[in-house]
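Next come the chains, spelled out residue by residue.
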Amino acid sequence: MAALGRGDVAGAYQHANAVSPAGSLASHVPHALWVTMDLVEAAVRTDRQTEAAGHVRAMREADVAAISSRHALLTEACAALCAATDDEALQLFAKALAVPGAQRWPFDFARVQLAYGERLRRSRATTESRGPLSAALSAFEHLGARPWAERAEAELRAAGWSRRRTETSKVHTLTPQELETARLAASGLTNKQIAERLFLSHRTVGAHLYQIYPKLGITSRAMLRDALESGSWSQSRH
């Protein structure tokens, strides 16, 4: 992971492959499950597509995604990294980020957002890439993951983003419905409970939260209360 953070993809592949050879999940080696995305990302970035695809296949066959929301997130993200077309990759990244409970793992979630933003930018969806890249940058900075924050910031600059412009406007605007959704979520209500309270669908509540997190510079529900109390937002009139 450290090697990937500093851009040493060849070294990252060697380390991850030593833990669990590409295409297999080494028996009685729990670390094999910890380095799945490290191995797949490093394999893809060193033009080892066959090895990367083989590792995703092994993850699918072992039903790694059933273990936890973290492994479900990483399994779909690994499949996205191996996807042959942009459309397939973007669909898989979106599926990964929509895994229930995935935001409980802020570093991994931000890492997938970074990969998603990178693929968007390379598929020429430059404007769309800034959302996930900005969210990833905020999360990495919050976690103190400096090398990863630098990676996200470099991608954002390539997408036309300027830190100078973003820092001149530190107050982010929430619509009245977004603000109420954020307050209810911060109080501990589920999406279904919020939907019933506001007469919305639970999908609409989820969409609101997806928009709220990057506005507040956070990546999870657990961070909502502190973000709302920080005063770094304002309420729009519409």
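Let me sum up the structure you'll find in this document. None of the values given here were measured: they were computed from a predicted structure.

### Re the overall build of the protein
- Summing up its helical and strand segments, the protein has 15 helices and two strands in all.
- On C-alpha atoms alone, the protein measures out to a radius of gyration of 19 Å, which is about the 18 Å that the 2.2 N^0.38 rule sets for 238 residues.
- Looking at the protein as a whole, 46% of its 238 residues qualify as buried.
- Entry remark: accessible area of the protein is about 12400 Å², with carbon and sulfur atoms responsible for 51%.
- Each charge class in the protein can be summarised by its mean position, and for the 29 positive and 24 negative side chains these summaries are 4 Å apart.

### Description of the pattern of salt bridges
- The full count for this structure, using the stated rule, is 14 salt bridges.
- One salt bridge connects Glu153 with Arg157, and the closest N-O pair in it is separated by 3.5 Å. Of this pair, Glu153 and Arg157 both sit in helix α10 (residues 146-158), four residues apart, roughly one helical turn.
- A residue is classified by how much of its surface remains accessible, and Glu153, at 19% relative accessible area, is buried.

About the criteria used
- Residues numbered from 1 in each chain as written.
- Predicted model: local features only at pLDDT ≥ 70, side-chain atom pairs only at ≥ 80, totals over all residues.
- Heavy atoms only, no water.
- Helix = DSSP H or I, 4+ residues; strand = E, 2+ residues; numbered from the N terminus.
- Rg over C-alpha atoms; globule rule 2.2 N^0.38 Å.
- Buried < 20%, exposed > 50% of the residue type's maximum accessible area, 1.4 Å probe, protein only.
- Areas by Shrake-Rupley, 256 points an atom, 1.4 Å probe, with all protein chains shown as cover.
- Lys, Arg positive; Asp, Glu negative; His and termini not counted.
- Charge placed at Lys NZ, Arg CZ, Asp CG, Glu CD.
- Salt bridge = Lys/Arg side-chain N within 4 Å of Asp/Glu carboxyl O.

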